[in-house]
There are 2 protein chains.
Amino acid sequence: MTRQPEASFHMTPEEFRRRGHEAVDWVASYMERLEDFPVRSQVEPGQVRAGLPEHPPRQGEPFDAVMADLERVLLPGITHWQHPSFFAYFNANASGPSILGELLSAGLGVQGMLWSTSPACTELETLVMDWLLELLDLPRAFHSSGAGGGVIQDTASSATLCALLTAREQASGWTAHREGTPRELTVYCSTQTHSSVEKAVRVAGMGTDRLRLVGTDADLAMDPQALRTAIQDDLAAGLRPCCVIATVGTTSTTAVDPLRGIGEICQEHGVWLHVDGAHGGTAALLPELRWIHDGLDLADSYCFNPHKWMFVNFDCDAFWVRDRAALVRTLSVLPEYLRNEATTSGQVIDYRDWHVPLGRRFRALKLWMVLRHYGAEGLRHHIREHLRLAAWLEAQVVAHPDFLLAAPRTMNLLCFRHRRGDAVNQAIMDLLNASGAMFLTHTKVQDRLVLRLCIGGTHTQQRHVEQAWALIQQAALELPDAG
Amino acid sequence: MTRQPEASFHMTPEEFRRRGHEAVDWVASYMERLEDFPVRSQVEPGQVRAGLPEHPPRQGEPFDAVMADLERVLLPGITHWQHPSFFAYFNANASGPSILGELLSAGLGVQGMLWSTSPACTELETLVMDWLLELLDLPRAFHSSGAGGGVIQDTASSATLCALLTAREQASGWTAHREGTPRELTVYCSTQTHSSVEKAVRVAGMGTDRLRLVGTDADLAMDPQALRTAIQDDLAAGLRPCCVIATVGTTSTTAVDPLRGIGEICQEHGVWLHVDGAHGGTAALLPELRWIHDGLDLADSYCFNPHKWMFVNFDCDAFWVRDRAALVRTLSVLPEYLRNEATTSGQVIDYRDWHVPLGRRFRALKLWMVLRHYGAEGLRHHIREHLRLAAWLEAQVVAHPDFLLAAPRTMNLLCFRHRRGDAVNQAIMDLLNASGAMFLTHTKVQDRLVLRLCIGGTHTQQRHVEQAWALIQQAALELPDAG
């Protein structure tokens, strides 16, 4: 055919090299400048958008113009999750090797829905998921060499949904996907469980009126006796207990549900046990914290998020099942255009059947790069250091006449409050967050407003925690009496 | 407290700069070397894993060792989606500005679940979603300035699920999330619709026995009359039609369902219409292809994937709804620890309520960088060029005595077959794919095996399409008589 003029708007490799170096330098400079920024963005609603054109450009624009707007318009609208004084929510800590893993993954641009669409994407994922089992000393039943296996999901919300769907299928005798969710299935979690469970129950069509919020003990961990009673009540009412979701490190206070007691009840009643260790799981890198997973051998599925506290940038949730065939049976739909020899042979894993999305990117790469960069030793060093800083802060709070602990510290989250009540605690938080010097969030414990301070940032060092504590005390002193 | 020795295993900004430059150079070199690789990976199951240590490293390893394994062990296991002779499935094309957007997003490391957790992440997303409406001339009803709005999802599978869940809530009088999915709800798509619809129906607990596969016309587009009959039959049986999913560019053959006829039926019966333009939507960048969306103004929701044909690397699905309040009402669960002033004020968007996951990364950045780098002009140039190449190939197939078109070409996918039957077509495909010179896949049309060749790669030029056609003809000649 007639050759068209070779017009191209693509970046050449040479241009990519140059602009790529600039982008890397920008990120390095961002790392260096982190402490210059207010942690929480101080823009007003609409301010970022107002700084950008309302209409898309007709002609392409130079890369410099884009980078200038990133600096000038977007940066003030960023809440700096990588700032060493970010103590809010749970961390979503990134790291050098992880960022470069994400870059390489984007550069390769593979889509790993099937083994055959990039065998390395699937096989590396299976391998690093097995590595994680070893690093955290998780049950062998999840290992890919047996009937189990692991997969990377985007978030624990999605992992919980997949676990719940599989539990639903199993409890319905593998009919729910065809005949709809039976009304008699019930689900159990504690009053402290993450909102993703309620969301998953909604999505799966079970109805939140079938979700039982089981009571907790004084430490805000699920009370197995209350769970047993709830299950028995439902059985007596002709309902069918389907799934229990236990948590290792609740969002509110990092309470650790007693997995063994819960697991025994689940086994007794043939109920699926899913354990959500989204944030807390990482702690099991340390032998001295392995108690959090005692009883996990009784679970049917488990997840934790390396993208929270393990230096892998978002998204990377690690999800395992004891019986991968059950998961695949729940989620597999095979149209003609995806059929291929490797799939038919049954020798390979096709991860598209392990979650809701069909397509998937090569997320194992960044996880692998983090594990190799740090090694077990490096990861353990930093997690241990976070715990040391949290223990120090706990001691300060306990020793202070005006503050008290609001929940037991199980790992790197401190929940505490000023004795003078909710208004004062709210005011302390608002003052500190508005100052830009640090960022912390709140929860409610026994109906009281409680400050949450999580120490898990990549760049967080002793001086940041010391400064945070100084600022908190100072804020309390400066407040007018809000008694 | 006692200062600990300042041991750190993190990459310093300086080390990140150096290793980042190396990683960028590797990606640039990968772009330059793409044509040296076999398109489809030639490894055997297990081969990649066998090349890597079974156990995680105790000590951290040098970055060079990781990059060496990427080159030596992983690269042979990559099926090269960015190879210019990748014609399989639909493309998942990356581009320079997109890869750098992903890098910057990872470097910023923000988590955009709430407006307040990074206002720029939310506001840029809303803006670029509005930009896309303008670029593709999509209905104004989806614009954020009114009752509608757009959000980035990971994949069209997830977008379809969210649309279906909202339709389910609406059809159940907003009770399904609380009382479970009613059994009487029915869903409609064509026999050609993507498998994600069946997956979503399963997930949502509706039961696939409530999914109606509506017949198509000779061009494999949904037959509105058949849809009307199916809906009427269900109504007569006491069921409640809930949602229709129409497709703009089906996966098998890029057939375009007649949206106006379908939309009118949906309006008549108060049924939610979701339109899936995952691959095909991008074609509407061109005014001459806008006919594909005729009737989209009757839809309640729509999605297409910039991560397929629009030079934004995976994942980036653009999803819009006409009534964002309905979507949020379906998916919103607000626990105490996420409460904040901005959310309470009602002035901002919290995208966590627009999809299943809670956390989300800053995907708008790469989309914004692609739109600014190329401009409307650059995007249109390349899409038009892909279409020109597809038209050329179509003419060759039509003119060839041994080959024939198996479905009408609507955009950049060609479905064709050798006249000598399935075995020959399978053999042609297997031969070509095994050769590594090109990669194409298949589908079935009227029960015949048909070759699918999609022209949408960033690096695909005229010479690659010419070569593909030469290889196909040659393969057909070289085959032993498989008649």
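For the structure, check the block above.
Below or above, wherever it landed, is the structure these notes cover.

Reading the values: rules and limits
Residues numbered from 1 in each chain as written. Chains lettered and ligands numbered in written order. Predicted model: local features only at pLDDT ≥ 70, side-chain atom pairs only at ≥ 80, totals over all residues. Contact = placed C-beta atoms within 7 Å. Helix = DSSP H or I, 4+ residues; strand = E, 2+ residues; numbered from the N terminus. Nonpolar A, V, L, I, M, F, W, Y, C, P; charged D, E, K, R; others polar. Pairing = 2+ DSSP bridges. Axes fitted to C-alpha atoms, helices over the stretch in contact; angles between N-to-C directions. Buried ≥ 20, exposed ≤ 12 C-beta atoms within 10 Å, placed from the backbone. Right-handed = clockwise from strand over helix to strand, strands pointing away. Expected span 1.5 Å × (residues − 1). Least-squares fit on C-alpha atoms with pLDDT ≥ 70 in both.

## Thoughts on the interface of chain B and chain A
With 133 residues of chain B at the contact, the number on the chain A side is 134 residues. Residue contributions to the side of chain B that touches chain A peak at 15 residues, all from helix 1 (residues 13-33) of chain B. Partitioned by chemical class, the residues of the side of chain B that touches chain A number 60 nonpolar, 45 polar and 28 charged.

## Brief notes about the sheet that holds strand 4 (residues 240-247) of chain B
All names here are of chain B. Strands sit in the order 1-7-6-5-4-2-3 across an open sheet of seven strands; the sheet is mixed. Edge positions in the sheet fall to strand 1 (149-153) and strand 3 (211-214), since each of these pairs with one other strand and no more. Each adjacent strand pair in this sheet contributes to an overall mean axis angle of 20°, direction not counted. Note: strand 2 (residues 185-190) against strand 3, four bridges, orientation parallel. Residue Val-187 lies in a different strand from strand 3, and its bridge partner there is Leu-211. Each of strand 1, strand 2, strand 4, strand 5 (272-276), strand 6 (301-304) and strand 7 (317-321) touches helix 6 (residues 156-171); the most contacted strand, strand 4, lies at about 155° to it.

## Considerations on the pairing of strand 2 (residues 185-190) of chain A
Along any regular strand the residues' side chains alternate between the sheet's two faces. Residues and elements named next belong to chain A. Across the six residues of strand 2, six count as buried, placing the element largely inside the fold. Alternating residues of strand 2 divide into Leu-185, Val-187 and Cys-189 and Thr-186, Tyr-188 and Ser-190, and every residue in both groups is buried. Bridging between strand 2 and strand 4 (residues 240-247) involves four bridges; their strand directions are parallel. Its bridge partner lying in strand 4, Val-187 is registered against Cys-243. Read from strand 2 through helix 8 (residues 195-203) to strand 3 (residues 211-214), the crossover connection turns out right-handed.

## Here we look at helix 6 (residues 156-171) of chain A
Helix length check: helix 6 of chain A, at 16 residues, gives a terminal C-alpha distance of 22 Å against a target of 22 Å (1.5 Å per residue), a fit within 8%. After helix 6 of chain A finishes, the residue Gly-173 of chain A shows a positive phi value of roughly 65°.

## Details of the relation of the copies chain B and chain A
With an RMSD of 0.0 Å, the operation that places chain B on chain A is a rotation of 180° combined with a shift of 0.0 Å along the axis. Viewed as a symmetry operation, the transformation between the two copies matches a two-fold axis. Of all interface residues in chain B, 100% are interface residues in chain A too; the two copies therefore contact each other through one and the same surface.

## Here's the deal with unusual backbone geometry
All names here are of chain A. Going from Phe-314 to Asp-315, the amide bond is cis rather than trans, its omega being 5°. Considering the arrangement of structural elements, one finds Asp-315 in the loop between helix 11 (306-309) and strand 7 (317-321). Not every positive phi belongs to a glycine, and Asp-137 is a case in point at roughly 55°. If you trace the backbone, Asp-137 turns up in the loop between helix 5 (119-136) and strand 1 (149-153). Using a count of 13 C-beta atoms within 10 Å as the deciding quantity, one classes Asp-137 as partly exposed. Phi is positive for Trp-174, which is not a glycine, with a value near 60°. Position of Trp-174 among the secondary structure elements: in the loop between helix 6 and helix 7 (176-179).

## With respect to the pairing of strand 7 of chain A
Residue and element names in this part refer to chain A. Of all five residues in strand 7, five are buried, a share of seventy percent or more. Side chains Asp-317, Phe-319 and Val-321 project from strand 7 onto one buried face, and the interleaved Ala-318 and Trp-320 project onto a second face that is buried too. Pairing between strand 6 (residues 301-304) and strand 7: four bridges, direction antiparallel. When the bridges of strand 7 are listed, Tyr-302 appears paired with Trp-320.

From the geometry alone we can't say anything about function, so treat these as descriptive.
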